[in-house]
Amino acid sequence: MVKRRVKKLEVHDLTIRYGDKVALHAASFDVYENEIFGIIGPAGSGKTSFLRALNRMNEMTPGMVVTGSIKFDGVDVNDWRDVYALRSRIGVVFPLPVGLPLSIYENVALAPRLSGIKSKAELDEIVERCLTRAALFDEVKDRLNSLGSLLSGGQQQRLTIARALSQAPQILLLDEFSIAVDPVTTMRIEDVLKELKKEVTIILVTNLVAQARRLATRTAFFLQGELVEVGDTEDLFKRKVEDNRTTEYLEGRFG
Amino acid sequence: MTSSFTTTELNRKNQRTETLFKILFGMVTVTLIIPVAVILITLVVKSDGIFSWAFFSEYPTNGMTEGGIFPALVGTLWLVAVALLASVPLGVAAAIYLSEYAEDNWLTRIINLAIINLAGVPSIVHALFGVGAFVLFFEFGTSILAASLTLAVMTLPVVIVATRESLQAVPQSFREACWNMGATRWQTIWRIVLPNSISGILTGVILEVSRTVGETAPIMFTGAAFFLPFLPTSVYDQTMAMSLHLYVISTQVPNVPDGLPYGVALTLIGIVMILNSASMAFRTYLRGKKKW
């Protein structure tokens, strides 16, 4: 079942430096629309740096220098005149849930408000829809006005997913979302992601090789700032790989 | 046979040292409280019989040796209010720029250094600056406006530093989460950073108020008057002020009854203490509402 695959992101020769330190070296790969693109690799391999570059957060980070190009829908992200519009099309979920110091409702309503939506009915609808899609609504529907930071870790992480969805993003970046979440919640979120990929492109950075295997359509393996391998996830796991460092990592011999 | 829980000579030595330093630092702290206590007790004892409703509500009479302090009290409120109106918006704006927008380069570092140095400039120098800049150059004359602006310039560092510190206490991850949603810096500041640093900013403001209330030198040449038989009606009027009034009746006027300066001093300290208590209560209240 080979569908026509649309390139959502085209990464070409991307190099990221912090001062003298090279975080990512000359990486090139594509991400297709409506796939879950897994990025695996040990700590310090440049995974998060890639996410930051995609969002042009390098502009907010002193010392972070990005060369090469990332094309989003065929347009270089640096050519987007409105960086805020770019970022609002990309939802981000951090490793540790960042519940903004606002109520549950306001956490999810913030992005729509920023984009100019004022109608209470419309906001209500967005909040309910996003919380439902993040599998959180039933647990919090009676206390939408209590603080988001009072939720449990797993609930907060689903809240940040709901918040990311409230931007109506075209790409959802998940940066090791399951670090602060228990296994049961992780599985619930994974189910949510499988549903979501019908609508958005998901980039899943993870330390858990098994998680990438469960979810990702294709997977890239980063190691010490180098893109070692990128391909269909199944090929990676069925040893159809060119570089034996990938095999060693996948089999748990290091990392 | 010694078990591993037996107290060794080293344990005993550590405990003795611990006790020694605890007592030492405790004694230093108590010693530092003594002057404050002595001042307060002296003021209370010596001002005995001065306080009455008339003391707060009447004009000074008979060459300032009798009557109340009403115009000085009102004048101090004027000076503080106008000084705040000038320094809080400017100070908060500067702090927001320094904390949220400015890059960490040599210029920012020089500005930060200048702010710290501004806090170290003696108040009499601020007074002379006020005369030169506000009274003469801007032609405000000796007026509440000139005096308050002088006070504002003098207390700006307090507001800037307090605001900057409380802005920087807001976790960076909140900002990044907000930016990642497509928020501009200003939207992030307005919706996330400011609401969560307001308690620190208010603390700075109230510190500024209590300093402004007590200052004498900066207002002496710029707008505070020895004696006025009427209240100010606009910022272009001169005014009496508590701090200058205290200076005047203590050193410049003959035959002032003994209790009067003490009563004025106690009122002045009372205002500062009330403001500081209010600031601490308010800060505690806001901390209770802190959201992370």
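Conventions and cut-offs
- Residues numbered from 1 in each chain as written.
- Chains lettered and ligands numbered in written order.
- Predicted model: local features only at pLDDT ≥ 70, side-chain atom pairs only at ≥ 80, totals over all residues.
- Helix = DSSP H or I, 4+ residues; strand = E, 2+ residues; numbered from the N terminus.
- Rg over C-alpha atoms; globule rule 2.2 N^0.38 Å.
- Buried ≥ 20, exposed ≤ 12 C-beta atoms within 10 Å, placed from the backbone.
- Contact = placed C-beta atoms within 7 Å.
- Nonpolar A, V, L, I, M, F, W, Y, C, P; charged D, E, K, R; others polar.
- Pairing = 2+ DSSP bridges.
- Core = buried A, V, L, I, M, F, W, Y, C linked by C-beta atoms within 7 Å.
- Right-handed = clockwise from strand over helix to strand, strands pointing away.
- Expected span 1.5 Å × (residues − 1).
- Bend = angle between axes of the 7 residues up to and from the residue.
- Axes fitted to C-alpha atoms, helices over the stretch in contact; angles between N-to-C directions.
- Parallel < 35°, antiparallel > 145°, perpendicular 65-115°, else oblique.
- Left-handed = near helix turned anticlockwise from the far one by under 90°.
- pLDDT = per-residue confidence, 0-100.

1. Regarding the overall build of chain A
(1) Moving on: Looking only at helices and strands, one finds ten helices and ten strands in chain A.
(2) Moving on: The C-alpha radius of gyration computed for chain A amounts to 18 Å, which stays within 12% of the reference 18 Å derived for 255 residues, consistent with globular compactness.
(3) Moving on: Dimensions of chain A, computed from C-alpha atoms along their principal axes, come out at roughly 55 × 40 × 40 Å.
(4) Moving on: For chain A, buried positions account for 46% of its 255 residues.
(5) Moving on: Within chain A, contacts between residues separated by at least 24 positions form 67% of all contacts whose residues are at least 6 apart in sequence.

2. Some points on the overall build of chain B
(1) Moving on: Tallying secondary structure elements over chain B gives twelve helices and two strands in all.
(2) Moving on: For chain B, the succession of helices and strands along the chain, N to C, is α-α-β-β-α-α-α-α-α-α-α-α-α-α.
(3) Moving on: In terms of overall size, chain B is more extended than a compact globule, its C-alpha atoms giving a radius of gyration of 25 Å where 292 residues would be expected to give roughly 19 Å.
(4) Moving on: With the C-alpha coordinates aligned to their principal axes, the bounding extent of chain B is approximately 85 × 60 × 35 Å.
(5) Moving on: A buried classification covers 37% of the 292 residues belonging to chain B.
(6) Moving on: Here the contacts in chain B between residues at least 6 apart in sequence split such that 76% fall between residues at least 24 apart.

3. Details of the environment of Gly 225 of chain A
All names here are of chain A.
(1) Moving on: The topology assignment puts Gly 225 in the loop between strand 9 (218-223) and strand 10 (226-232).
(2) Moving on: Judged by the 21 C-beta atoms lying within 10 Å of it, Gly 225 falls in the buried class.
(3) Moving on: Sequence-distant contacts of Gly 225, defined by excluding residues within four places in its chain, comprise Val 22, Ala 23, Leu 24, His 25, Ser 45 and Gly 46.

4. Observations concerning the interface of chain B and chain A
(1) Moving on: Counting residues at the interface gives 18 residues for chain B and 19 residues for chain A.
(2) Moving on: Those elements giving two or more residues to the side of chain B that touches chain A turn out to be helix 7 (172-180) and helix 8 (185-193) of chain B.
(3) Moving on: Examining the composition of the side of chain B that touches chain A, we find that six residues originate from one element, helix 7 of chain B, more than from any other.
(4) Moving on: The residue makeup of the side of chain B that touches chain A, split by class, is eight nonpolar, six polar and four charged.

5. Observations concerning the pairing of strand 10 of chain A
Residue and element names in this part refer to chain A.
(1) Moving on: With six bridges connecting them, strand 9 and strand 10 associate as antiparallel partners. Of the residues in strand 10, the one forming a bridge with Thr 219 is Gly 231.
(2) Moving on: Taking the residues that link successive antiparallel strands as the turn, the strand 9-strand 10 hairpin has two residues, and the phi of Gln 224 there is positive, at about 45°.

6. Here we look at helix 1 (residues 47-54) of chain A
Helical geometry: 3.6 residues make up each α-helical turn, so side chains three or four residues apart lie on a common side.
(1) Moving on: The buried count for helix 1 of chain A comes to eight of eight residues, which makes it a mostly enclosed element.
(2) Moving on: Two residues or fewer past helix 1 of chain A, Arg 56 of chain A is found with a positive phi of approximately 55°.

7. Considering the nonpolar core
(1) Moving on: If you look at the biggest cluster of nonpolar residues, it comprises 138 residues, and the most contacted ones within it are Ala 162, Leu 173, Ile 202, Ile 203 and Leu 204 of chain A together with Leu 79 of chain B.
(2) Moving on: Other than its neighbours up to four places away in sequence, Ala 162 of chain A contacts Val 108, Cys 130, Leu 131, Ala 134 and Leu 136 of chain A.

8. Description of the pairing of strand 7 (residues 171-175) of chain A
Residue and element names in this part refer to chain A.
(1) Moving on: By the criterion of burial, strand 7 is predominantly enclosed, with five of the five residues buried.
(2) Moving on: Every second residue of strand 7 is oriented toward a common face, with Ile 171, Leu 173 and Asp 175 on one face and Leu 172 and Leu 174 on the other, all of them buried.
(3) Moving on: Bridge analysis of strand 6 (residues 90-93) against strand 7 gives four bridges, and the strand direction is parallel. The partner of Val 93 across the bridge, within strand 7, is Leu 174.
(4) Moving on: Bridge count between strand 7 and strand 8 (residues 201-206): five bridges; the pairing is parallel. Along strand 8, the bridge assignment pairs Leu 174 with Leu 204.
(5) Moving on: Tracing the backbone out of strand 7, into helix 7 (residues 183-196) and back to the parallel element strand 8 gives a crossover that is right-handed.

9. Some points on helix 6 (residues 144-168) of chain B
Residue and element names in this part refer to chain B.
(1) Moving on: Here helix 6 contains 25 residues, and its C-alpha end-to-end distance of 34 Å stays within 8% of the 36 Å for a straight helix at 1.5 Å per residue.
(2) Moving on: Along helix 6, the helix axis deviates most sharply at Thr 155, where the bend reaches about 45°; the proline Pro 157 sits within four residues downstream.
(3) Moving on: In terms of residue burial, helix 6 counts as a mostly covered element, since 22 of its 25 residues are buried.

10. Description of unusual backbone geometry
All names here are of chain A.
(1) Moving on: Positioned with a positive phi, Ala 135 is a non-glycine residue whose angle comes to about 60°.
(2) Moving on: In this structure, Ala 135 sits in the loop between helix 4 (120-133) and helix 5 (137-140).
(3) Moving on: At Ala 168, a position not held by glycine, the phi torsion is positive, near 50°.
(4) Moving on: Along the chain, Ala 168 turns up in the loop between helix 6 (153-166) and strand 7.

11. Digging into the packing of helix 5 (residues 123-137) of chain B against helix 6 of chain B
Residues and elements named next belong to chain B.
(1) Moving on: Taken N-terminus to C-terminus, the directions of helix 5 and helix 6 make an angle of 130°; their axes are 9 Å apart at the nearest point. In this view, helix 5 runs oblique relative to helix 6, as classed from their interaxial angle. Considering how the two elements wind past one another, helix 5 and helix 6 form a crossing that is right-handed. Facing helix 5, whose interface residues are Ser 123, His 126, Ala 127, Gly 130, Phe 134 and Val 135, helix 6 presents Ala 146, Leu 149, Thr 150, Val 153 and Met 154.
(2) Moving on: Of the residues contributing to the contact of helix 5 with helix 6, the split by class is seven nonpolar, four polar and no charged.

12. Here's the deal with the confidence of the model for chain B
(1) Moving on: Per-residue confidence for chain B gives a mean pLDDT of 89, with 97% of residues at or over 70.
(2) Moving on: Quick note on the complex model: pTM equals 0.81, ipTM equals 0.83.

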